[in-house]
Amino acid sequence: MTARFISLEGGEGVGKSTQARRLADALRARGLDVLLTREPGGSPGAEAIRRLLLEGDANRWSPSAEALLFAAARADHVAKTIDPAVAAGRWVICDRFLDSSRAYQGAAGGIGDAAILGLHQVGSGGRLPDRTLVLALGDADAAARADARDAGCPDRIGGREQGFHTRVAAAFRDFARQEPDRVRLVDASGDEAQVTDRLLAALADLLP
Ligand SMILES: Nc1ncnc2c1ncn2[C@@H]1O[C@H](COP(=O)(O)OP(=O)(O)O)[C@@H](O)[C@H]1O
Ligand SMILES: Cc1cn([C@H]2C[C@H](O)[C@@H](COP(=O)(O)OP(=O)(O)O)O2)c(=O)[nH]c1=O
């Protein structure tokens, strides 16, 4: 049985971290060996870069420096964590991956998709997930979930203006239209169990 690399994507508060855990549990219940990981982070070096990216002043990094730091963190995460796990036959569930850089830095941040893909080629050999599940939720519902979790104190990037987050959400929808084999939009409304069932349905062709 081929091990698979699955990423979960979407804007702030749509339920990615909740669903990454639930999906990992559901796959383990089917007898699969699953590694749950996240970005930015997922390896010691990338976790150190995560702190540089998410803490501090809103203008701490220029848009291009920020894109380079995400790409550097991803290069370490792919080389040290993701690729070895898949090579060992483990399924990898990753909470955010390349498409977050394409949406946040590339589309909403103005760096452009070609530049983000170029950095990913240099850093991670262009490594793509076997399937990317984008959780889609209306802006108001997502903001309410994120506010309930963050109690009004979002991180450096989560705290950007609503227009930025609207562009992020539109970019994720574009990726699903452009790459329908890899990227699937999944309705994130309703209770947690309903969403997990939708995610499993969107993976059905890959599951043993
Ligand atoms: N289906 C759901 N219905 C209601 N609340 C949810 C649901 N899924 C997650 N939440 C809650 O919404 C908040 C954001 O969820 P989280 O998984 O942290 O989102 P993300 O990782 O996408 O930012 C958390 O407080 C979580 O408990
Ligand atoms: C992986 C990645 C994340 N990000 C942003 C999205 C989030 O605001 C932040 C990660 O924070 P995190 O707390 O992990 O995500 P969430 O808020 O969805 O629970 O970093 C990028 O801008 N580019 C990227 O490539």
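Residues numbered from 1 in each chain as written. Chains lettered and ligands numbered in written order. Predicted model: local features only at pLDDT ≥ 70, side-chain atom pairs only at ≥ 80, totals over all residues. Heavy atoms only, no water.

1. Focus: the layout of surface pockets
The space that makes up the largest pocket amounts to roughly 810 Å³. At the level of secondary structure, the elements contributing two or more residues to the lining of the largest pocket comprise α1 (16-29), β2 (34-38), α2 (44-54), α3 (63-87), α4 (98-108), α6 (139-150) and α8 (192-202). At six residues, the largest contribution of residues to the lining of the largest pocket is made by α1. When grouped by side-chain class, the residues that make up the lining of the largest pocket number 13 nonpolar, 11 polar and 15 charged. Forming the walls of the second largest pocket are 28 residues, and the residues nearest its centre are G11, E12, A142, A143 and H165. When residues of the lining of the second largest pocket are traced back to their parent elements, those giving at least two are β4 (131-136), α6 and α7 (162-178). The class makeup of the residues in the lining of the second largest pocket is 12 nonpolar, eight polar and eight charged. (1 Å grid on protein atoms, 1.4 Å probe; cavity = no way out; pocket = protein on both sides within 12 Å on 5 of 7 lines; lining within 4 Å. Points joined across faces, edges and corners; volume = space filled by probe spheres on them. Helix = DSSP H or I, 4+ residues; strand = E, 2+ residues; numbered from the N terminus. Nonpolar A, V, L, I, M, F, W, Y, C, P; charged D, E, K, R; others polar.)

2. Considerations on the nonpolar core
L23, L27, W91, I93, L133 and L199 are the most contacted members of the largest nonpolar core, which has 38 residues in total. For this core, the secondary structure elements donating two or more residues are β1 (5-9), α1, β2, α3, β3 (91-95), β4 and α8. Not counting chain neighbours up to four residues away, the residues in contact with L133 comprise I6, S7, L8, E9, L23, R184, V186, L199, A202 and L203. Of all hydrophobic cores here, the second largest spans 19 residues; its members include L69, F70, F164 and V183. (Core = buried A, V, L, I, M, F, W, Y, C linked by side-chain atoms within 4.5 Å. Buried < 20%, exposed > 50% of the residue type's maximum accessible area, 1.4 Å probe, protein only. Contact = heavy atoms within 4.5 Å.)

3. Considering the pairing of β4
With five of six residues buried, β4 is to be regarded as a mostly interior element. Across four bridges, β1 lies against β4 in parallel orientation. The residue of β4 that forms the bridge with L8 is L133. Bridging between β4 and strand β5 (residues 183-187) involves five bridges; their strand directions are parallel. Looking at β5, one finds that L135 is bridged to V186. (Pairing = 2+ DSSP bridges.)

4. Notes on unusual backbone geometry
The amide bond that connects E39 to the next residue, P40, takes the cis arrangement and shows omega of -10 degrees. Residues other than glycine seldom take positive phi values, yet R96 does so here, at roughly 75 degrees. Within the secondary structure, R96 sits in the loop between β3 and α4.

5. Description of the site of ligand 1
In the vicinity of ligand 1, the contacting residues are G11, G13, V14, G15, K16, S17, T18, R145, R149, G190, D191 and E192. Between an oxygen atom of ligand 1 and a main-chain N or O atom of G15, the distance comes to 2.9 Å. Taking T18, its side chain carries an N or O atom lying 2.6 Å from an oxygen atom of ligand 1. Protein burial of ligand 1: of its 570 Å² of free accessible surface, 75% is covered by the chains. Comparing atom positions with the cavity grids shows ligand 1 to sit within the largest pocket. Of all the secondary-structure elements, those providing two or more residues to the shell around ligand 1 are α1 and α6. (Near = heavy atom within 4 Å. Polar contact = N/O pair within 3.5 Å; in protein donor to acceptor, adjacent residues only side chain to side chain. Areas by Shrake-Rupley, 256 points an atom, 1.4 Å probe, with all protein chains shown as cover. Sits in = over half its atoms within 2 Å of the grid points.)

6. A closer look at the packing of α4 against helix α5 (residues 113-124)
Each pair of packed helices can be summarised by the angle the axes make with each other and by the distance between the axes. Where α4 contacts α5, the two axes come as close as 9 Å, and the packing angle between them is 140 degrees. When you trace α4 past α5, the crossing you get is right-handed. Contacts from L98, S101, R102, Q105 and G106 in α4 reach D113, I116, L117 and H120 in α5. Here the contact of α4 with α5 is composed, by residue class, of three nonpolar, four polar and two charged. (Axes fitted to C-alpha atoms, helices over the stretch in contact; angles between N-to-C directions. Left-handed = near helix turned anticlockwise from the far one by under 90°.)

7. Section: the UniProt feature "domain: Thymidylate kinase-like" (unreviewed entry) in the protein
As recorded in UniProt, the sites labelled "domain: Thymidylate kinase-like" (unreviewed entry) are residues 8-197. In this annotation, residues 8-197 is assigned 57% helix and 12% strand; the end-to-end C-alpha distance for the span is 14 Å. (UniProt positions renumbered as here; feature names shortened; annotations may be inferred.)

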